[in-house]
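Descriptive structure summary
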Amino acid sequence: MKITDLKCTVFGQNPVVRIVTDEGISGYAEVEASKHYLKPHILFYKPFILGEDPTNVERVMLKIRRLGSFKPWGSAVSAIEMALWDIAGKAAGLPVYKLLGGKVRDRVRVYNGAVRFEMSGYAPQDYAENMARMKAAREGFSIIKQGIGFHSSMPAQFPNFSYGEAREGGFHANRGLLTERGLKYVIACVEAMKEVLGDEVGLALDCGPGWTVPDAIRLAKALEPLNVMWLEDLLTGDYVPYVSAGVYREVTRSTSTPIHTGEQIYLRQNFMELIEQQAVNIIGPDPCDVGGIAELKWIAEYADLHGILVAPHGTGDGLIGLAALVQMSAALPQNYIAFEYPVGRPAWWYDIVRGLPDPIVVDSFIEVWDRPGMGVEFDERAASKYLPEGDGDFFD
Ligand SMILES: [Mg+2]
């Protein structure tokens, strides 16, 4: 089998990759919704993979893996990796999890990072009300993540939140030491959310980046009695192109609250220090950023050897990304907690992808399916309606 084409289009906001072969089998993968601009970057890799046998996934990846980088520049390589696994599975007549070593679990736990309801305000009671709506969501989530601190509107909404300058939107540009009132406000909001969840549903908190080490430690210690699931990306994260393992270690060693990072990190090499120094308790690589599903599995196995847990990121990965997350998570080791459940946006995504269960999530779990490859397909007729101008030949 040979790769004859690499195509890319953008459905809604999500770039979608199609690898075409000379045997009538195509592989698909999807990139985060926030990266609609990546199409030219994805197509850059085409000449490197043409003519290769797509079922030798690693051999193809050796040609392009070094040509990627931290978020968002690891997405193209990651998507190509996942599309190759889709082809390899279809060619073998096996679900991708079998090619990754087989199932460790029949159903995979997911956590809520994408099923959202509009905030009515930013006082602690507003956070509590919003959390109550997420707790009542039909997916029955056993873990819910909420943004706080610099990963939220708190710096802009709360007067004198920090000693830095508060900026709205963009790529979480806020940084700085918090005022005492700012820190107390964050803690009050977390307490209000915990009040709603009790010990029935776990609360995870996406926090930054941008916290200083002393504030990070103060927050983590103050929240110790609340038993939150984790504090994510306090210091780095999102579009921060470095790791800072030593600084994370200082925070992690100071508290019993689990510390989490890793969604922006590309490749196993860049997880080495975090894992070997036991700088965090939980890592959260995204298969659509880290270099793909086999790359993430390798990192999860290495983390497991060091007593570190894994909760893969995935909020923007869409429905094809969801399928990859399910196949991969079925095969992750026992340090797996849950992956971040992505939703299809706009809602017509659910009309153009076939093969997902209905409902997808039951009691916070997704049953792992057994169809070949990633086990989902585009309904080409339905999907063609949403192809952008100039991409009318995407399915040809
Ligand atoms: Mg995050």
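Not measured: the values here are computed from a predicted model.

Glancing now at the overall build of the protein. When you go through the protein residue by residue, the secondary structure sums to 16 helices and 14 strands. What you see for the protein is a C-alpha radius of gyration of 21 Å, in line with the 21 Å of a compact globule of 396 residues. For the protein, contacts bridging at least 24 residues in sequence account for 72% of all contacts bridging at least 6.

The description of two helices packed together rests on the angle between their axes and the distance between the axes. Running from N to C, helix H6 (residues 124–135) and helix H8 (residues 180–197) cross one another at 35 degrees; their axes reach a closest spacing of 8 Å. Handedness of the H6/H8 crossing: right-handed. Two secondary-structure elements touch here, H6 through Pro 124, Gln 125, Tyr 127, Ala 128, Met 131, Ala 132 and Lys 135 and H8 through Ala 188, Cys 189, Ala 192, Met 193, Glu 195, Val 196 and Leu 197. Grouping the constituent residues of the contact of H6 with H8 by class yields eleven nonpolar, one polar and two charged.

Our focus in this paragraph is helix H9 (residues 213–222). The complete set of buried residues in H9 reads Asp 215, Ala 216, Leu 219 and Ala 220. For H9, the arc enclosing every buried residue in end-on projection is 130 degrees, short of the 170-degree limit, so these residues lie on one face. Contacts made by the buried residues of H9 are with H8, strand E7 (230–232), helix H10 (245–252) and strand E8 (259–261).

As a further point, take the sheet that holds strand E3 (residues 26–30). Ordered in space as E1-E2-E3, the three strands form an open sheet in which the pairing is antiparallel. Lying at the two open borders of the sheet, with one neighbouring strand each, are strand E1 (3–11) and E3. For this sheet the average axis-to-axis angle between neighbouring strands, irrespective of direction, equals 15 degrees. The pairing of E1 with strand E2 (residues 14–21) spans eight bridges and is antiparallel. Among the inter-strand pairings, Leu 6 is bridged to a residue of E2, identified as Ile 19. Here helix H4 (residues 75–92) sits on the sheet in contact with E2 and E3, set at roughly 145 degrees to E3.

Glancing now at unusual backbone geometry. Of note, the bond from Lys 71 into Pro 72 is cis; its omega dihedral lies within 30 degrees of zero at 5 degrees. The topology assignment puts Pro 72 in the loop between helix H3 (57–64) and H4. A positive phi is found at Gln 278, a non-glycine position, where the angle reads about 45 degrees. Note on placement: Gln 278 falls in the loop between helix H11 (272–276) and strand E9 (282–283). At Asp 363, a residue that is not glycine, the phi angle is positive and equals roughly 50 degrees. Tracing the backbone shows Asp 363 in the loop between strand E12 (353–354) and strand E13 (365–367). Owing to 10 C-beta atoms within 10 Å, Asp 363 belongs among the exposed residues under this scheme.

Another point: the environment of Phe 141. With respect to the helices and strands, Phe 141 occurs in the loop between H6 and strand E5 (143–147). Overall, the presence of 24 C-beta atoms within 10 Å leaves Phe 141 in the buried class. On a C-alpha basis, the gap between Phe 141 and Gly 202 in space is 8.8 Å, while along the polypeptide they are 61 residues apart. Apart from residues lying up to four places away in sequence, Phe 141 is in contact with Tyr 111, Asn 112, Met 134, Val 201 and Ser 364.

Now for the pairing of strand E4 (residues 107–112). For E4, the tally of buried residues reaches five of six residues, placing the bulk of the element in the interior. Two elements, E4 and E13, share three bridges in a ladder whose sense is antiparallel. When the bridges of E13 are listed, Arg 107 appears paired with Glu 367. Bridge analysis of E4 against strand E11 (residues 339–341) gives three bridges, and the strand direction is parallel. If you follow Tyr 111 over to E11, its bridge partner there is Glu 340.

With that out of the way, let us pick up the environment of Met 119. Relative to the assigned elements, Met 119 resides in the loop between E4 and H6. The exposure class of Met 119 is partly exposed, given the 14 C-beta atoms found within 10 Å. Along the primary structure Met 119 and Asn 130 are separated by eleven residues, whereas in three dimensions their C-alpha atoms are 6.2 Å apart.

Bringing the pairing of strand E6 (residues 202–206) into the picture now. Most of E6 sits inside the fold, with four of its five residues counted as buried. Here five bridges tie E5 to E6, and the two strands are oriented parallel to one another. Across the sheet, residue Gln 146 finds its bridge partner in E6, namely Leu 205. Here E6 pairs with E7 via three bridges, running parallel. Bridge pairing in E7 links Leu 205 to Leu 231. As a crossover connection, the stretch from E6 through H9 into E7 is right-handed.

Many structure descriptions define interface size as the accessible area lost when the parts assemble. When cut into domains, the protein gives domain 1 (3–94 + 379–384) and domain 2 (98–374). Domain 1 and domain 2 are separated by 26 Å when their C-alpha centres are compared. Among the elements that take part in the side of domain 1 that touches domain 2, H4 stands out by supplying twelve residues, more than any other. In terms of residue class, the side of domain 1 that touches domain 2 is made up of 17 nonpolar, ten polar and eight charged.

What counts as what
Within every chain, residues take consecutive numbers counted from 1 along the sequence as written. Totals for whole chains, interfaces and linings use all residues, but because this is a predicted model, local features are given only for residues with pLDDT of at least 70 and pairs of side-chain atoms are given and counted only at 80 or more. Numbering of helices and strands runs from the N terminus; a helix is a DSSP stretch of H or I covering at least four residues, while a strand is a stretch of E covering at least two. Atoms counted for the radius of gyration: C-alpha only. Globule rule: 2.2 Å times residue count to the power 0.38. Distance between backbone-placed C-beta atoms decides contact: two residues are in contact if it is within 7 Å. Lines fitted to C-alpha atoms define the axes here, with helix axes fitted over just the stretch in contact, and angles between the N-to-C directions of these axes take values from 0 to 180 degrees. Should the near helix be turned counterclockwise from the far one by less than a right angle, the crossing is left-handed, whereas a clockwise turn marks it as right-handed. Charged means Asp, Glu, Lys or Arg here, nonpolar means Ala, Val, Leu, Ile, Met, Phe, Trp, Tyr, Cys or Pro, and polar covers whatever is left, Gly included. Partly exposed residues are those falling between the two cut-offs: more than 12 but fewer than 20 other C-beta atoms within 10 Å of their own, whereas 20 or more means buried and 12 or fewer means exposed, with C-beta atoms placed from the backbone. Taking the helix axis as origin, the arc is that swept by the directions to the C-beta atoms. Following DSSP output, two strands are said to pair if at least two bridges run between them. A clockwise path from the first strand over the helix to the second, with the strands pointing away from the viewer, defines a right-handed crossover. Residue ranges for the domains trace back to a domain assignment, done automatically or taken from a database.

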